[in-house]
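# Geometric and topological summary
Listed below are the residues making up each chain.
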Amino acid sequence: MGTKKDMQGFCTQAVHAGYAPDSETGALVPDISQNVSFYFTSANDAAEKFSLSRPGFSYSRLTNPTVAALEKKLAALEGGAGATCTASGLAAHQMLLFALMNSGDEFVASSRLYGGTYNQFRNSFSRSFGWQCRFADLGDIDSFKRAVTEKSRAIFIESLSNPSGAIADIEAIARVAEEAGIPLIVDNTIATPYLCRPFDWGASIVTYSTTKYLNGHANAMGGAVIDSGKFDWSQNDKFPALSKPDESYHGLAFHKEFKEMALTYYCHAVGLRDLGACQQPLNAFLTFTGLETLGLRMEQHCKNALAVARHLEQHPDVAWVSYAGLDGSPYKPMADKYLNGRASGVFTFGVKGGFDTAVDLVGNVKLFRHVANIGDTRSLIIHSASTTHSQLTEEQQLKADVRPEGLRVSIGIEDAADLIADLDQALAAATQKAA
Ligand SMILES: *Cc1c(COP(=O)(O)O)cnc(C)c1O
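First, a word on what this report is: a plain description of the structure on this page. Everything quoted here is computed from the prediction, not taken from an experiment.

## Some points on the side chain of Thr357
- Counting through the fold element by element, Thr357 comes out in helix H15 (residues 355-364).
- The exposure class of Thr357 is buried, given its relative accessible area of 3%.
- A polar atom in the side chain of Thr357 sits 3.4 Å from the backbone oxygen of Gly353.

## Points about the pairing of strand S1 (residues 82-86)
- Most of S1 is tucked away, with 5 of its 5 residues classed as buried.
- Alternating residues of S1 divide into Gly82, Thr84 and Thr86 and Ala83 and Cys85, and every residue in both groups is buried.
- In the sheet, S1 pairs with strand S7 (residues 223-227) via 5 bridges, with the strands oriented antiparallel. Note that in S7 the partner of Thr86 across the bridge is Gly223.

## Observations concerning the nonpolar core
- In terms of nonpolar packing, the biggest core is built from 123 residues, with Leu100, Phe254 and Phe347 touching the most fellow members.
- The residues contacting Phe254, other than those within four sequence positions of it, are Leu52, Ala241, Leu242, Asp246, Tyr249, Lys259, Ala262, Tyr265, Tyr266, Ala269 and Val270.

## What to know about empty space enclosed by the protein
- On inspection of all chains with the given rule, the structure shows 1 cavity of 30 Å³ or more.
- The volume enclosed by the largest cavity comes to roughly 40 Å³.
- Examining the composition of the lining of the largest cavity, we find that 3 residues originate from one element, strand S12 (residues 406-410), more than from any other.
- Split into classes, the residues belonging to the lining of the largest cavity amount to 4 nonpolar, 3 polar and 3 charged.

## A few points about the layout of surface pockets
- Looking at the largest pocket, its volume works out to about 740 Å³.
- With 6 residues, helix H11 (residues 262-275) is the single largest residue contributor to the lining of the largest pocket.
- Its volume calculated, the second largest pocket comes out at about 380 Å³.
- Looking at the lining of the second largest pocket residue by residue, the class counts come to 7 nonpolar, 4 polar and 4 charged.

## Digging into the environment of Gly406
- Structurally, Gly406 is set in strand S12.
- Along the primary structure Gly406 and Glu299 are separated by 107 residues, whereas in three dimensions their C-alpha atoms are 25 Å apart.

## What to know about the side chain of Ser204
- Following the sequence through the fold, Ser204 ends up in the loop between helix H8 (192-195) and strand S6 (205-209).
- A relative accessible area of 10% places Ser204 in the buried class.

## Some details on the site of the ligand
- Taken together, 15 residues sit near the ligand, with Gly89, Asp187, Ser209, Thr211 and Lys212 positioned nearest.
- In this structure, an oxygen atom belonging to the ligand sits 2.9 Å away from a main-chain N or O atom of Gly89.
- Between the ligand and Thr211 there is a distance of 2.8 Å, counted from an oxygen atom to a side-chain nitrogen or oxygen.
- Burial of the ligand by the protein amounts to 94% of the accessible area it has alone, namely 380 Å².
- Across the shell around the ligand, the residue classes tally to 4 nonpolar, 8 polar and 3 charged.

## Thoughts on the sheet that holds S7
- Judged by pairing direction, the sheet is mixed, and its 7 strands sit side by side in the order S1-S7-S6-S5-S4-S2-S3 without closing on themselves. The open sheet has two edge strands, S1 and strand S3 (132-136), and neither has a second partner. If you compare each strand with its neighbour and ignore which way they point, the axes differ by 20° on average.
- Two elements, strand S2 (residues 106-110) and strand S4 (residues 152-158), share 3 bridges in a ladder whose sense is parallel. By the bridge assignment, Val108 is partnered in S4 with Ile155.
- Lying on the sheet, helix H5 (residues 115-129) is in contact with S2, S3 and S4; it crosses S3 at an angle near 145°.

## Side note on the packing of aromatic side chains
- All told, the structure shown has 19 aromatic pairs when counted by the stated rule.
- Measuring from ring centre to ring centre gives 5.5 Å for Phe38 and Phe57, while their planes differ by 40°; the resulting arrangement is tilted. Remark: Phe57 occurs in the loop between helix H2 (43-50) and helix H3 (65-78) and Phe38 occurs in the loop between helix H1 (10-16) and H2; sequence separation between them is 19 residues.
- Grouped by ring-pair contacts, the aromatic residues Phe107, Phe121, Phe125, Phe129, Trp131 and Phe156 constitute a single cluster.
- Across from the ring centre of Phe288, 4.1 Å away, lies the NZ or CZ of Lys73, which sits over that ring.
- A cation sits over an aromatic face here: Lys212 above Tyr114, 4.7 Å from the ring centre.

## So, the sheet that holds S12
- The 5 strands are arranged S8-S9-S12-S11-S10 in an open sheet whose pairing can be described as mixed. Sheet topology places strand S8 (318-322) and strand S10 (369-370) at the edges, where each strand pairs with a single neighbour.
- Bridge analysis of strand S9 (residues 346-351) against S12 gives 5 bridges, and the strand direction is antiparallel. Bridge pairing links Phe349 to Leu407 in S12.
- The strands touched by helix H13 (residues 294-313) within the sheet are S8 and S9, with S9 carrying the most contacts at an inclination of about 15°.
- The sheet contacts of H15 involve S9, S10, strand S11 (380-382) and S12, and relative to S9 the element is tilted by about 125°.

Scoring rules and cut-offs
- Residues numbered from 1 in each chain as written.
- Predicted model: local features only at pLDDT ≥ 70, side-chain atom pairs only at ≥ 80, totals over all residues.
- Heavy atoms only, no water.
- Helix = DSSP H or I, 4+ residues; strand = E, 2+ residues; numbered from the N terminus.
- Buried < 20%, exposed > 50% of the residue type's maximum accessible area, 1.4 Å probe, protein only.
- Polar contact = N/O pair within 3.5 Å; in protein donor to acceptor, adjacent residues only side chain to side chain.
- Pairing = 2+ DSSP bridges.
- Core = buried A, V, L, I, M, F, W, Y, C linked by side-chain atoms within 4.5 Å.
- Contact = heavy atoms within 4.5 Å.
- 1 Å grid on protein atoms, 1.4 Å probe; cavity = no way out; pocket = protein on both sides within 12 Å on 5 of 7 lines; lining within 4 Å.
- Points joined across faces, edges and corners; volume = space filled by probe spheres on them.
- Nonpolar A, V, L, I, M, F, W, Y, C, P; charged D, E, K, R; others polar.
- Near = heavy atom within 4 Å.
- Areas by Shrake-Rupley, 256 points an atom, 1.4 Å probe, with all protein chains shown as cover.
- Axes fitted to C-alpha atoms, helices over the stretch in contact; angles between N-to-C directions.
- Phe/Tyr/Trp six-rings, centres within 6.5 Å; stacked < 30°, edge-to-face > 60°.
- Lys NZ or Arg CZ within 6 Å of the ring centre and 35° of its normal.

Quick look at the structure:
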């Protein structure tokens, strides 16, 4: 799935990008660099590294060799200038907005978001940091225009939103951001760079919870900010952290000094330095390994999800299925445009029996695992209204497409027939109990 002729294909880059065999030891995969600090060869070397005039490692809160290998692989797969890894996906949001915003600034976000992101944006960021979030409706591009003010510093959307399956019109929203002189940030966690390339449609920055599909095996938390390197931070006065001299680095201006790497350098040198939510080397190693099979896994996730969704669509006890990969889905045209006709492995469906039957179904699955996660090799199921989205009011839940009879599944890479059989027996058990 390589997009440009002069570039290697996606699966080749997924295996090879980010690391070459070590010239001293010949080690074929990156070492887990369990080092806090890195030796300076002289006082001058130390001073230059601390003032950012010489690249290199000094202290693992800012940079670490294993994390750096993952950052290089992620930037390559996304077609970006640089990447910064964080402890989790939510830590990536915080560090990125910390670079773009001052207290009293605003940003615009789609209301169709992962529940944790919605809480973070709606409650915590405004209370603690004074970053006000104005929400817009993904289905109404004008609502983004109306939400933008002089104080706006970014627009934030999910390419394929969790859990509703809505797909954003990235190109149209990127135009709104461009007119406002602010970057469009796309959380591409569920679509992954294998299915969707937000930079090709005008997005400036992509974020990930690498915890999900990129790691793929549910064994390491992590997040990432990937910068396209194309946004001009000096075009207006909105981004002083990047365009104005930084006092803590003796008046260095990041955009002038580091050009397309300005945001990436800022995220390491100030974001990770001051917020501290760095990624651990072991987690970076596990995600680096997971990424090697991302293309293979996404093919199987998409194929299985389509088979299971088609089966449920015909099931007499199922009221509705919301999966953008289905021909009848209102999001299918967007899936065709932005995701190559595919729709990843996460979707929702509703049972005719309502809330209680949905809860019972979760209690009766045998192969599906009842957990609050997505993007694992294993198939997962959860009743969103009573769990991931329970901190939201009913009105907020409906805005996020979370319904009382709805279940969210993350379809794994097992054999589709086994997944269908498991859902069939759980549906039968739950419906029988309700009758
Ligand atoms: C899980 C998730 C996040 C948060 O990531 P963590 O790694 O759990 O902090 C953000 N966005 C989306 C779409 C997610 O699914």
